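# Coordinates in review
Residue-level listing of the chains:
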Amino acid sequence: MTDPSSPEHASGTVRVRFAPSPTGMFHVGGARSALHNWVFARQHGGTLVLRIEDTDASRNRPEWTEGIIRALAWLGIDEDEYEGPYFQSANADEQRKAVERLRADGRAYFCDCTRDDVIARTGDSYRGYDGHCRDRGLEAGPGRALRFRTPDEGVTTVVDLIRGKPTFENANIEDFVIARGDGSVLFMLANVVDDMIQGITHVIRAEEHLSNTPKQQLLWEALGAQPPIWAHVPVVVNEKRQKLSKRRDKVALEDYQAEGFLAEAMRNYLMLLGWAPSGDREIVPWSVIEEEFRLEDVNPSPAFFDVKKLRAFNGEYIRALPVEDFIERCEPWLREPYASWSPERYDPAVFARLAPLAQTRVAVLSEITAMVDFAFLDEPVIDEASWKKGMKEPAADILRGALEAFQDAEWTAEELKTRAEEIGARHGLKLGKAQAPIRVAVTGRTVGLPLFESLQIIGRDRTLARVRAALDRLSAE
RNA sequence: GGUCCCGUCGUCUAGUGGCCUAGGACGCCGCCCUCUCAAGGCGGUAACGCCGGUUCAAAUCCGGUCGGGACUACCA
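Scoring rules and cut-offs
- Residues numbered from 1 in each chain as written.
- Chains lettered and ligands numbered in written order.
- Predicted model: local features only at pLDDT ≥ 70, side-chain atom pairs only at ≥ 80, totals over all residues.
- Heavy atoms only, no water.
- Pairing = 2+ DSSP bridges.
- Helix = DSSP H or I, 4+ residues; strand = E, 2+ residues; numbered from the N terminus.
- Axes fitted to C-alpha atoms, helices over the stretch in contact; angles between N-to-C directions.
- pLDDT = per-residue confidence, 0-100.
- Contact = heavy atoms within 4.5 Å.
- Patch = residues over 30% accessible without salt bridge, like charges linked within 9 Å, V, L, I, M, F, W, Y side chains within 5 Å.
- Areas by Shrake-Rupley, 256 points an atom, 1.4 Å probe, with all protein chains shown as cover.
- Salt bridge = Lys/Arg side-chain N within 4 Å of Asp/Glu carboxyl O.
- Lys, Arg positive; Asp, Glu negative; His and termini not counted.
- Charge placed at Lys NZ, Arg CZ, Asp CG, Glu CD.
- Expected span 1.5 Å × (residues − 1).
- Parallel < 35°, antiparallel > 145°, perpendicular 65-115°, else oblique.
- Left-handed = near helix turned anticlockwise from the far one by under 90°.
- Buried < 20%, exposed > 50% of the residue type's maximum accessible area, 1.4 Å probe, protein only.

### Focus: the sheet that holds strand β4 (residues 108-111)
As summarised here, the arrangement of the three strands in space is β4-β5-β8, forming an open sheet in which the pairing is antiparallel. The sheet is open, and its two borders are formed by β4 and β8 (177-179), each paired with just one other strand. Geometrically, the sheet is characterised by an average inter-axis angle of 45 degrees between neighbouring strands, direction not taken into account. In this structure, β4 lies alongside strand β5 (residues 145-148), joined through four bridges in antiparallel fashion. Of the residues in β5, the one forming a bridge with A108 is F148.

### A closer look at the confidence of the model for chain A
Per-residue pLDDT for chain A has a mean of 92; in total, 96% of the residues score no lower than 70. In this model, residues 1-10 is a region of pLDDT below 50 whose contacts with residues beyond four sequence positions or in other chains number 15 contacts. Taken over the whole predicted complex, pTM reads 0.93, whereas the ipTM for its chain interfaces reads 0.95.

### Concerning a positive patch on the surface
A contiguous patch of positive charge on the surface is contributed by K388, K389, K392 and K433. Mapped onto the fold, K433 is located in helix α17 (residues 431-443).

### Focus: helix α2 (residues 62-75)
Compared with an ideal rise of 1.5 Å per residue, which puts 14 residues at 20 Å, α2 spans 20 Å between its outermost C-alpha atoms and is within 8% of the ideal. Where α2 is buried, its residues touch β1 (15-18), α1 (28-43), β2 (47-52), β3 (83-87), α7 (253-259) and α8 (263-271).

### Some thoughts on the packing of helix α12 (residues 348-359) against helix α13 (residues 368-376)
Running from N to C, α12 and α13 cross one another at 140 degrees; their axes reach a closest spacing of 11 Å. Regarding the angle of α12 to α13, the classification is oblique. For the pair α12 and α13, the sense of crossing is right-handed. Mapping the contact onto sequence places V350, F351, L354 and A358 in α12 and I368, M371, V372, A375 and F376 in α13.

### Structural notes on the pattern of salt bridges
Side-chain pairs of opposite charge can arise where the charged atoms are in close proximity. Applying the stated criterion to the full structure yields 30 salt bridges. Linking D195 and R17 is a salt bridge whose minimum nitrogen-to-oxygen distance equals 2.9 Å. Of the two residues, D195 is situated in helix α5 (residues 187-197) and R17 in strand β1; the sequence distance between them amounts to 178 residues. By relative accessible area, which is 1% here, D195 ends up buried. The class of R17 is buried, set by a relative accessible area of 5%. Taking the shortest distance from any N to any O, the salt bridge between R51 and E53 comes out at 3.0 Å. Comparing R51 with E53, the two get one shared label, buried. Through salt bridges with shared partners, one network takes in R17, R51, E53, D194 and D195.

The following block contains the structure:
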């Protein structure tokens, strides 16, 4: 007897699938499932198949599918990493055949009950379909759905790599619908048939499907095939411990991408939801994950999607980048639609000098825009709160002092700093206080990159012009 | 309500009977460094849901209890 948990149990080669329904945005939970399947396939020298579950025509648009493919590629799952994409709708014939076979074998029967009918009969004790039409011998007809006849006795045991062997009493499994009144096939069956014809050996998916699993397994058996090994990964939840939802929570992978999360950080973080690599470390190269990840080790309890921790990871990944790479990766946020300056103002050489100063200060790439805008804008955008805070007495004196001292100073950060220190000293201020008015005048904000380096980079003329402008505003107030 | 799953710091986890006065990471707090803010360094805060049992010994095994979640469509 073969060990059913052995990866080679079915056909000898592992075949897993990622089967998203194209809903228009790629969910972080889906990304995690895709990653799990991918890693598993690679570890076993198996194949990952991508199948678009487009049974519901309203959820079927070509651009949705393209979005999925793009998202997968961003995560590192390129087109040569999987078979497909296949479309569930393309298997309609096979699915119909399976339905017909179940009906012919007496494993399914027609039913004309509406949901209201059933509830009227069972009242408050409603526990699924009551089997009313089981033996009525109804023929096919308009509005008559086809239900699968589940066994009255025995149990269905699901072999699950993460949860052991969840067992369900067959008597508790209702006779569920497999084909609609109009003859079209439902997900429950379509999904099974597709897995069957695509030779899927392991189904790795989110826990929300666990309740459906005994039904699907019954279908596999009724169709005369050996069910796959299952692995139900815990759901990802929000701070209220509910499954992440498109409506309530920020779940679109694209949004995170647009915010400047690095794919490496994202996929590393996603894999750490419910699992950890060996040793006291969490940020690890993907190769370590591919080496060490085991579905059997996945924590079966739900995991909170902690954006704060994701940001921390992202910051670490950003800091670990060689500067040249950092510069390159910032590029999208230095142009429209993110940049607030006109394109011809942008100077890559200037950015290259600013970049090392910024690299330790951004947690997500999108933060780079506001951090360097002062260098590419004709005039800095003055943040009013910063102005109030930075332009306190004796700001005007300090600015006047700077104007004079910077006039003929050697234009290096070190020298500018020394001059600023001297100005501050005249007012009994340490550099920390003294630099504030200058910073606000030149960058518009109270916090930012190291000031004197910034001044050195944008040059004497622009620095002095901004100090003068600030002085003008100050005297006008 | 029914079925199933789950339960270690606030969060993600390590832990598979003695190595646990429970380790790491994020967060938070403090100190150092410091031109702001970060980064970095150092230190701190904080958990085995509860009750019984098995055992010389339990976070680890068993039972119960409480709590949370998923599913419960002629959606996928």
